[in-house]
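# Remarks on the overall topology
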Amino acid sequence: MASSLTKASSTTPGEKTFFGHPRGMATLFMTEMWERFSWYGMRGILVLYLVAGVLDGPLQGREALAASIYGVYNAVVYMAAMPGGWIADRLWGARKAVLVGGIVIALGHYTLAVPSDTAFFAGLALIAAGTGLLKPNISAMVGGLYEGQSSARRDAGFTLFYMAINIGAMAAPLVVGYLGENVNWHLGFSVAGIGMTLAVVQYVLGSRHLGDIGKEPGTPATPAERRTALRRVLLWGGLAVAALAVDVMLGTYDIEHIVNALAVLGIVVPVVYFAAIYRNPALTAADRPKIQAFAWFFATAVLFWLIYDQSGSLLTLFADNKTDRVIGGWEFPASWYQSVNPAMVIVLAPLFATLWVKLAQRNREPGTPMKFALAMLLIGGSFAIMGLAGAAAANSETGKVTVFWLLSVYFVQTVGEMCLSPVGLSLSTKLAPRQFVGQIMGLWFLATATGNALNGWVTQLNEPLGDAAYYSMWAAVAVAAGLAFMMAGKRIRALMGDVR
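Procedures and definitions
- Residues numbered from 1 in each chain as written.
- Predicted model: local features only at pLDDT ≥ 70, side-chain atom pairs only at ≥ 80, totals over all residues.
- Heavy atoms only, no water.
- Patch = residues over 30% accessible without salt bridge, like charges linked within 9 Å, V, L, I, M, F, W, Y side chains within 5 Å.
- Areas by Shrake-Rupley, 256 points an atom, 1.4 Å probe, with all protein chains shown as cover.
- Salt bridge = Lys/Arg side-chain N within 4 Å of Asp/Glu carboxyl O.
- Helix = DSSP H or I, 4+ residues; strand = E, 2+ residues; numbered from the N terminus.
- Domains from an automatic or database assignment.
- Contact = heavy atoms within 4.5 Å.
- Buried area = accessible area lost by both parts, 1.4 Å probe.
- Polar contact = N/O pair within 3.5 Å; in protein donor to acceptor, adjacent residues only side chain to side chain.
- Nonpolar A, V, L, I, M, F, W, Y, C, P; charged D, E, K, R; others polar.
- Expected span 1.5 Å × (residues − 1).
- Buried < 20%, exposed > 50% of the residue type's maximum accessible area, 1.4 Å probe, protein only.
- Phe/Tyr/Trp six-rings, centres within 6.5 Å; stacked < 30°, edge-to-face > 60°.
- Lys NZ or Arg CZ within 6 Å of the ring centre and 35° of its normal.
- Core = buried A, V, L, I, M, F, W, Y, C linked by side-chain atoms within 4.5 Å.
- Axes fitted to C-alpha atoms, helices over the stretch in contact; angles between N-to-C directions.
- Parallel < 35°, antiparallel > 145°, perpendicular 65-115°, else oblique.
- Left-handed = near helix turned anticlockwise from the far one by under 90°.
- Lys, Arg positive; Asp, Glu negative; His and termini not counted.

### What to know about a nonpolar patch on the surface
There is a patch of nonpolar side chains on the surface, built from Tyr178, Val183, Leu187 and Trp330 and spanning about 360 Å² of accessible area. Mapped onto the elements of the fold, Leu187 is located in helix H7 (residues 185–206).

### Considering the domain arrangement of the chain
Note: interface size is frequently given as the accessible area lost on complex formation between the parts. Per the domain assignment, the segments making up the chain are domain 1 (19–221) and domain 2 (268–499). The gap between the C-alpha centroids of domain 1 and domain 2 is 22 Å. Listed as interface residues are 30 residues of domain 1 and, on the opposing side, 35 residues of domain 2. Buried surface at the junction of domain 1 and domain 2, both sides included, amounts to about 2800 Å², of which 68% is carbon and sulfur. Summed over the shared surface of domain 1 and domain 2, the result is zero salt bridges. Across the domain 1-domain 2 interface, the total number found is eight residue pairs in polar contact (both at pLDDT 80 or more). For the side of domain 1 that touches domain 2, the secondary-structure elements that each account for two or more residues are helix H1 (24–51), helix H2 (63–79) and helix H6 (151–182). Sorting elements by how many residues they give to the side of domain 1 that touches domain 2 places H6 first, with 12 residues. Partitioning the side of domain 1 that touches domain 2 into residue classes produces 20 nonpolar, seven polar and three charged.

### Quick word on helix H9 (residues 255–279)
With 25 residues, H9 extends 37 Å from end C-alpha to end C-alpha; this agrees with the ideal 36 Å at 1.5 Å per step. Residues of H9 that are buried include every one of Ile255, Val259, Ala263, Gly266, Pro270, Phe274 and Ile277, and no others.

### What about the packing of aromatic side chains?
Following the criterion strictly, the structure yields 22 aromatic pairs and no others. Centre to centre, the rings of Phe304 and Tyr308 are 5.6 Å apart; their planes meet at 20°, and the pair counts as stacked. Residue Phe304 and its partner Tyr308 are located together in helix H10 (residues 288–308), separated by four residues, close to a single helical turn. Since its relative accessible area comes to 7%, Tyr308 is described here as buried. Here the aromatic residues Tyr49, Phe120, Phe121, Trp185 and Phe189 are joined through ring pairs into a cluster of three or more. Its end group placed over the ring of Tyr278, Arg288 keeps NZ or CZ at 5.1 Å from the ring centre.

### A few points about the nonpolar core
Most often, soluble globular proteins keep nonpolar side chains buried together rather than apart. Met42 and Tyr73 are the most contacted members of the largest nonpolar core, which has 106 residues in total. Here the element with the most residues in this core is H10; it accounts for 13 residues. Shared between two domains, this core takes at least three residues from each, and those domains are domain 1 (19–221) and domain 2 (268–499). Beyond its immediate sequence surroundings of up to four residues, Met42 is in contact with Tyr73, His109, Leu112, Leu124, Ile127, Val176, Phe189 and Ala192. The next biggest cluster of nonpolar side chains, apart from the first, holds 25 residues, and it includes Leu160, Phe161, Met196 and Ile213.

### Looking at unusual backbone geometry
A positive phi angle is found at Asn363, which is not glycine, with a value near 60°. Within the fold, Asn363 resides in the loop between helix H12 (340–361) and helix H13 (368–395).

### Overview of the packing of H10 against helix H18 (residues 489–496)
Where H10 meets H18, the axes come as close as 7 Å, and the angle between the chain directions of the two elements is 140°. In terms of orientation, H10 lies oblique with respect to H18. The chirality of how H10 crosses H18 is left-handed. On the side of H10, the interface is formed by Pro289, Lys290, Gln292, Ala293, Trp296 and Phe297, while H18 contributes Ile492, Leu495 and Met496. Each residue belonging to the contact of H10 with H18 can be placed in one class, and the counts come to seven nonpolar, one polar and one charged.

### With respect to the packing of H1 against H7
Where H1 meets H7, the axes come as close as 8 Å, and the angle between the chain directions of the two elements is 165°. Of the possible angle classes, the one that applies to H1 and H7 is roughly antiparallel. Of the two elements, H1 crosses H7, and the hand of that crossing is left-handed. By residue class, the composition of the contact of H1 with H7 is 17 nonpolar, seven polar and one charged.

### Describing the side chain of Glu417
By secondary structure assignment, the location of Glu417 is in helix H14 (residues 403–431). Buried and unpaired, Glu417 has no salt bridge, with Arg43 as the nearest side chain of opposite charge at 9.4 Å. Within the local environment of Glu417, its side chain forms a polar contact with the side chain of Asn341, the two groups lying 3.2 Å apart. Those residues in contact with Glu417 that sit more than four places away from it in its chain are Tyr162, Phe304, Trp305, Tyr308, Asn341, Val345 and Pro422.

### Overview of the pattern of salt bridges
Here the structure, examined in full by the defined rule, presents eight salt bridges. Between Lys135 and Glu32 there is a salt bridge, with its nearest N and O atoms 2.5 Å apart. A residue pair is termed long-range when its members are at least 10 positions apart, and Lys135 in helix H5 (residues 117–145) and Glu32 in helix H1 qualify at 103 residues. Lys135 sits in the partly exposed class, given a relative accessible area of 24%. As a salt-bridge pair, Asp320 and Arg325 come within 3.4 Å of each other at their nearest N and O atoms.

Next up, the structure:
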């Protein structure tokens, strides 16, 4: 989005600012905060709604399938960012893409508020499409605010923006979760829609502070490119609809077929992207090893997010069924656990940023491969704790454990996230060849999509294995991956070349 984001507004003496940042940051900050409120609110009660027996059809009493749908849906949302970025870059510009995306998301939440199975799945589709338009492009607009300014100032701006994400994510389950679980599920979805509506309203009112950022597409598509894109969409969309129609007519339709198809898509898409980049003639011989190094980090991130993002599915079900949530005679909603991680991120993120700087000053900061290895050891440790919690619940007279088990799990996972997520985001920009920066950034986000796509399958193992065996198995896999990454660190650093 080079050309569309170049006219950024800079802060001048006497001009109103937002915590010392350009006034336009307030608009994007509030938009992102309310959008994340709507997303994490809906996500916090999604699995609980699916297993509550509210739907008439295929999900009633099928907790493993509900967890699978949760994982695959997360994958679809992250994959939608790729076409969403293309639409902004080539057709609309980021400004319009964010506005349309916000409206579509709000419509999706209000559709979820309608008590109908058809409306439920239609609402999920709208939210996924809208998030694909909004999520990548609002981040690009944040970058546009700091065009031509120092790297440190840009980093500070993104740190502030990151806080908006976590404030919204922390507040959402407390409000939406309580209303959904204790009053009415559809009221919870409605409140998520109200949050998104507030995001759209303030985005429109505050857009005057954004100058020309995102008004035009960076590299407008030619008429021929538009026609080619439309033909591809119609072709693949038509094939998907035809396959679904055949499945229904044969009488073999089951929602698991869609789950499996989307899970396969979540794996195939990044593989195709990697192959396309690696075989691109524009990739120089000097850059090829860096793409190989990035593949190592990508694969590790996939496993990390596969485990980490089960917090919204299996861990939420564990909180609902096997955790004693009674305080003073009052049982707090299981969805409130979804506020723990963002609250911990708000506290720990600045501490880790300071820690890395202090260690670097003493020449003792661990390299990126070591940070990734630590992240895997920590995420493995979190599921080792879950394995013990599962065993404790099984041996308990009540079948439940105290809240401190899950709180410990979320704390260890958040520390692991601090070692991987911001580090990987920064690393992606460093390893990416100049002509592939956008695609490499897209691949980094696709690591989350692929991890969640795999969750469409792996979470179904929980039921036959049982909690203790299931969580212990993934703990062993993650720890083994962390140790392997640590041992391969020297080779990975060699592939990274001058990148540190």
